[in-house]
Structures are given as structure tokens and as C-alpha cells.
Amino acid sequence: MQAAKLDIAIVGGGLAGGLTALAINRAAPTLSLGLFEADDAFGGNHRWSWFKGDLGPAGSSLVANFKRTEWPGGNEVRFPAHTRHLASDYRSLDSRDFDAGLRNALPQEAIRTGCRVKGLDAAGITLETGGRIAARAVIDCRDAAPSEHLSGGWQVFLGQHLRTGTPHGITRPVIMDATVDQPGAYRFMYLLPLGEDEIFLEDTYYADEPVLDRPLLRERIERYARERGWDVQVLHEEWGVLPVITGGDFETYRASLATPGVTLAGARGGFVHPLTSYTLPIAVENALAIAGAATGDLAALPKFVENRATDHWQRTGHYRMLGRMLFQAADPEKRFKVFQRFYRLPEPLIERFYAARSTTLDKLRILTGKPPVPVGRAIKALLGKGAPLIQGTEP
Ligand SMILES: Cc1cc2nc3c(=O)[nH]c(=O)nc-3n(C[C@H](O)[C@H](O)[C@H](O)COP(=O)(O)OP(=O)(O)OC[C@H]3O[C@@H](n4cnc5c(N)ncnc54)[C@H](O)[C@@H]3O)c2cc1C
């Protein structure tokens, strides 16, 4: 099959690819686009969440294309030593709504689900089915791959959308309930009330190994619900094993994945929050920047995004350092203390932390005071390299 030449081919219709397609279509509707996704739906099986303040007016306008859940009453964290109600309002987007929003907003000819791309280069893409599609610009937004060039640990989780039978009484998102037992990892429950008798419950832990024991996590969620008197029915389930990047050689990492003349973006291109994996604000910002640049010289796009990625890596060094403290300086069952202490800090600082916009003063505040980890091990962790992120991440 030989299709007409596209202006832009985006490979990978996940969060980054989908938002980039949407932003380009809004900024430059005359450019012809193709959003090529291997699966039958865009976005995979995820729920992406963020804080209201993470997005500026342009970002909020971009995500307004999607049906999302919004909670007006702030959010909450729970630790053994303290519980805190924070004022930031929370937002969440289900990938099924992401898929529906993209199908609604993009031109029909741009929607290329069920299209696995076998090869890509500066002049176009080759589909697994054999067809070649020429494009003036190619943007690679395929999934992030484990790499020996990056080091760190893993955030492992399984979440279930549950019906609770009777009203559950949770009125606002609980970002971390770390009062649960800490079996060899920093573990917490994440709660999103989705209705009077519907709730999303996720068991999450920061682990040294990318091992996802789904039956165990299901059992923990069931126990957590039972202890609260909820007689639950599972409506939907998702899971993930995300890298928590604590160091590495970013230039070599990117070079190992780059194709000459192709724009490398998304989590694969380094556009992630290294510690929390809260990626949506970063993906939105990048999609808007790419869309702005796409109205100019398309040949300049790969370098433009590479520069942004390098800048992002440099700006987020602080979070990688905190990650090293979390994984290497703290005993696994005491890792919660790093977050317990962090959540005593002023709220604007916490908000900037999640949006990866910490100021120099924030960084100093986070590190000053009594450290929740032994000082000798903290120094060793700061100087150390960490474990390579090479294990497979597939559950
Ligand atoms: C269950 C889960 C929950 C998460 N929750 C949050 C959250 O609350 N907040 C947050 O900000 N982040 C969250 N994350 C992290 C976030 O999902 C990722 O960081 C984000 O999805 C990365 O976006 P991406 O577009 O770069 O990659 P992905 O979303 O992984 O998308 C890559 C896409 O490329 C497609 N693809 C791959 N190869 C090909 C090919 N050859 N041809 C065509 N298509 C291809 C894949 O099918 C996939 O759809 C979560 C992740 C998971 C797994």
C-alpha cells in the first residue's frame, strides 16, 4: 500500500504521541498527520493523574478535549506519624476517555490504530504489514525501553476500579496511604473516589526489582477494602512497572535509541518525572512545544526536541539524587520516612515537586533538617551510581 506523503507521522499513540497529535492539529490544522498506534485503542490501559496547578492555561485547554474526573476538595496523604489534607485539587484521565477524546478531536485520516510500525527513518515509516508511508517529519513516541545506560529502581503497582456495595465515605483523593505494612519496599495505597460506592484502589511500592506479583497485590487490595467494611466487586484493573531513574548517562541513552533525522519524544525520549513517574504535565508541556515548533521548519524538530530533553535531564537531577537516597540510603521498610518527612514541607513546594518545577530554595529545603536516612549511607548513595535499569519491565 502506498499512501500520499504525510507532513508528520507520529509513531506510538500513548500519552505523549496522542497529546502531540492533538496539539499539532490545533496549532497547525493544515498539516496532514498520522498517529500510528500498534494497539486497537490509543493510550493503553492506564489512568493518568495530575494536580490542577500542574497545567497552565494552554495545557488545561489541551486536556479539556478529554472527559476526566475532577475533585474540588484537595487531596490527602496518610503516614504513621501524620495525616495531612492538602489544598491542591486533583484530576484524573482514564485511557478509555483519552482514546475517545482523540477519536473525536483528530481528523479521521489521522487515526491509525491497529498499525504497528516496523521501521522508521527521516523520510517516513514502514508498517509491519509491509506498507511504506512517506512523511516530511517522523516523531518517535513508542514506549520507553529498559536500558543499561540508566540506573535506578522500580515503581510497581496494581490498581482496581471497585464497586463497594455501600457508600465508602472517601470524599477526596488519597495520594498516599502509607499506614499500610511496609514489606521490604516503600508501599502505599492510592485511593480515588469515583462515585459514592465506586473507588479506584491501587497498591503501589518502590522496589529494587521489577517484580509484579499480581495475585499478591489483588489480595492486599481486597484486604484493605475488607478492613474498611467494603464488600467489593472489581469493575476494571490496570497495572504497571515503571522505572524510577536515579542516574545514568543520558546522552548515551538517547543516542542508543535515536534514529538520524527522527524526533525522539515521549517517556522514551526522557520526558518523565524521574522519581514519581507523574508524566502528564511534562507530556503536555512537550506536546505544546513540539506543536509550536512544527509550525516552523520541520527539519529542525529533532534537534529542537533533543535540546529540550537535555535541558529536562539537567533540570531534574535533583529528583534523581532523591531517588538514590530513597533506594540506596534507606532500609526498604524505612523508605516511607523519606516521604513522611517530605510531606511536612510547605504545600507550594510539594506542588512544584510533582510538576518537576522545584526552585533552588525548594531543593535546599528538601535536603536540610534531620535526614530520615543514616548520614553515612546518604553520602554513599549520593556518590554512587545505582543499579542499571536493565531488567525487563513486562509483568
Ligand atoms: C498503569 C499506569 C499508570 C500510570 N499512572 C500515571 C499517572 O497517574 N500519572 C502520570 O503522569 N503518569 C502515569 N503513568 C506513567 C505514564 O503512563 C507513562 O509515563 C506515559 O504513558 C508515557 O507516555 P508515552 O506516550 O511516552 O508512552 P506510552 O503511553 O507507553 O505509549 C507508547 C505507545 O506506543 C505504542 N507503540 C509501541 N511500539 C509501537 C510500534 N512499533 N508501532 C506503533 N505503536 C507502537 C504502544 O502501544 C503505546 O501505546 C502510568 C503508567 C502506567 C503503566
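In this report, we go over the structure that sits alongside the text. If you're wondering where the values come from, they're calculated on a predicted model, not measured in any experiment. (Residues numbered from 1 in each chain as written. Predicted model: local features only at pLDDT ≥ 70, side-chain atom pairs only at ≥ 80, totals over all residues. Heavy atoms only, no water.)

## Digging into the nonpolar core
Short version of the rule: Definition of nonpolar core: a set of buried residues of the types Ala, Val, Leu, Ile, Met, Phe, Trp, Tyr and Cys, connected through side-chain atoms within 4.5 Å. Throughout, exposure labels follow a simple rule: accessible area from a 1.4 Å probe, protein chains only, divided by the maximum for the residue type, with under 20% read as buried, over 50% as exposed, and the rest as partly exposed. Each helix corresponds to a stretch of at least 4 residues labelled H or I by DSSP, and each strand to a stretch of at least 2 residues labelled E; elements are numbered beginning at the N terminus. Residues count as neighbours in contact if any of their non-hydrogen atoms are within 4.5 Å of one another.
Residues Ile8, Ile24, Ile175, Met176 and Tyr343 are the most contacted members of the largest nonpolar core, which totals 86 residues. At eight residues, the largest contribution of residues to this core is made by helix α6 (residues 280–294). Here Ile175 is in contact with Phe51, Asn75, Glu76, Val77, Tyr90, Phe188, Met189, Tyr190, Tyr278, Tyr343 and Tyr354, once residues within four sequence places are set aside. In this structure, Val174, Leu201, Tyr205 and Ile221 belong to the second largest nonpolar core, which totals 21 residues.

## Quick word on the packing of helix α10 (residues 347–354) against helix α11 (residues 360–367)
Our working rule: Convention adopted: a line fitted to C-alpha atoms gives each axis, helices being fitted over their contacting stretch, and angles between N-to-C directions are expressed from 0 to 180 degrees. By definition in this entry, angles of less than 35 degrees are roughly parallel, angles greater than 145 are roughly antiparallel, angles of 65 to 115 are roughly perpendicular, and the rest are oblique. Amino acids outside the nonpolar list (Ala, Val, Leu, Ile, Met, Phe, Trp, Tyr, Cys, Pro) and the charged list (Asp, Glu, Lys, Arg) are all regarded as polar, and Gly is one of them.
Running from N to C, α10 and α11 cross one another at 105 degrees; their axes reach a closest spacing of 10 Å. The pairing of α10 with α11 is recorded here as roughly perpendicular in orientation. Contacts between α10 and α11 involve Leu349, Arg352 and Phe353 from the first element and Asp362, Arg365 and Ile366 from the second. A class-by-class count of the residues in the contact of α10 with α11 yields three nonpolar, no polar and three charged.

## So, the site of the ligand
In plain terms, the rule: Nearness is judged by heavy atoms alone; a residue qualifies as near a molecule or strand once a single heavy atom is within 4 Å of it. We call two N or O atoms a polar contact when they sit within 3.5 Å, provided that within protein one can donate a hydrogen and the other can accept it, with sequence-adjacent residues counted only if both atoms are side-chain atoms. Using the Shrake-Rupley algorithm and a 1.4 Å probe, accessible areas are obtained, with residue cover drawn only from the displayed protein chains.
Residues in contact with the ligand amount to 28 residues; listed here are only the nearest, Ala16, Glu37, Asp143, Ala267 and Thr279. Residue Val117 places a main-chain N or O atom 2.9 Å away from a nitrogen atom belonging to the ligand. Contacts to the ligand include Leu280, whose backbone N or O atom sits 2.8 Å from an oxygen atom. Burial of the ligand by the surrounding chains reaches 88%, relative to a free accessible area of 980 Å². Class assignment for the residues of the shell around the ligand results in 14 nonpolar, seven polar and seven charged.

## Description of helix α3 (residues 95–105)
Put simply, the rule reads: The arc in question is the one spanned by the directions pointing from the helix axis to the C-beta atoms.
Along α3, the residues classified as buried are Ser95, Phe98, Asp99, Gly101 and Leu102. Buried residues of α3 fall within an arc of 165 degrees about the axis and therefore sit on the same side. Looking at the buried positions of α3, the neighbouring elements they touch are α1 (15–27), β2 (33–37), β3 (47–51), β7 (90–94) and β8 (111–113).

## Let's talk about the pattern of salt bridges
What counts is decided by this rule: A side-chain nitrogen of Lys or Arg and a carboxyl oxygen of Asp or Glu constitute a salt bridge if their distance falls within 4 Å.
Taken as a whole and assessed by the stated rule, the structure comprises 26 salt bridges. Taking the shortest distance from any N to any O, the salt bridge between Arg78 and Glu76 comes out at 2.8 Å. What makes Glu76 buried here is its relative accessible area of 10%. Note that Arg228 and Glu227 form a salt bridge whose closest N and O atoms lie 3.7 Å from each other. Classification of Glu227 by relative accessible area gives exposed; the value is 56%. Taken together, the shared-partner salt bridges in this structure form one network comprising Glu76, Arg78, Arg172 and Asp177.

## Concerning the sheet that holds strand β4 (residues 69–71)
Operational definition: At least two DSSP bridges between two strands are required for those strands to pair.
On the basis of which strands lie adjacent, the open sheet formed by three strands has the order β3-β7-β4 and antiparallel pairing. Strands with a single pairing partner mark the edges of an open sheet, and in this sheet they are β3 and β4. Pairs of neighbouring strands in the sheet enclose a mean axial angle of 15 degrees, with direction left out of account.

## Considerations on the side chain of Thr246
For Thr246, the position within the fold is in strand β16 (residues 233–248). Residues in contact with Thr246, not counting those within four places in the same chain, are Ser151, Gly152, Arg320, Gly323, Arg324, Phe327 and Gln328.

## Focus on the pairing of strand β5 (residues 75–78)
Every regular strand shows the same layout, with side chains that alternate between the two sheet faces. Side-chain alternation along β5 places Asn75 and Val77 on one buried face and Glu76 and Arg78 on a second face that is also buried. Pairing of β5 with strand β6 (residues 83–86), which is carried by four bridges, proceeds in the antiparallel orientation. Paired with Arg78 across the bridge in β6 is Thr83. The loop that links β5 with its antiparallel partner β6 comprises four residues. Two strands pair when backbone bridges link them, and β5 and strand β13 (residues 174–177) are joined in this way by three bridges, in the parallel orientation. Residue pairing in the sheet places Glu76 in a bridge with Val174 of β13.

## Focus on empty space enclosed by the protein
We count it as follows: As defined here, a cavity is a set of points on a 1 Å grid over the protein atoms alone where a 1.4 Å probe fits but cannot get out. A pocket is an open set with protein on both sides within 12 Å along at least five of seven lines, and residues line them when an atom is within 4 Å of a point. Grid points are joined across faces, edges and corners, and a volume is the space filled by probe spheres set on the points.
Taken as a whole and judged by the stated rule, the model has two cavities of 30 Å³ or more. Around the largest cavity, the lining residues are Phe51, Asn75, Leu86, Ser88, Tyr343, Glu347, Ile350 and Glu351. With three residues, α10 is the single largest residue contributor to the lining of the largest cavity. By volume, the second largest cavity is sized at about 40 Å³. Lining of the second largest cavity is provided by Arg47, Asp94, Arg96, His161, Phe200, His236 and Glu238. Its residues assigned to classes, the lining of the second largest cavity comprises one nonpolar, two polar and four charged.

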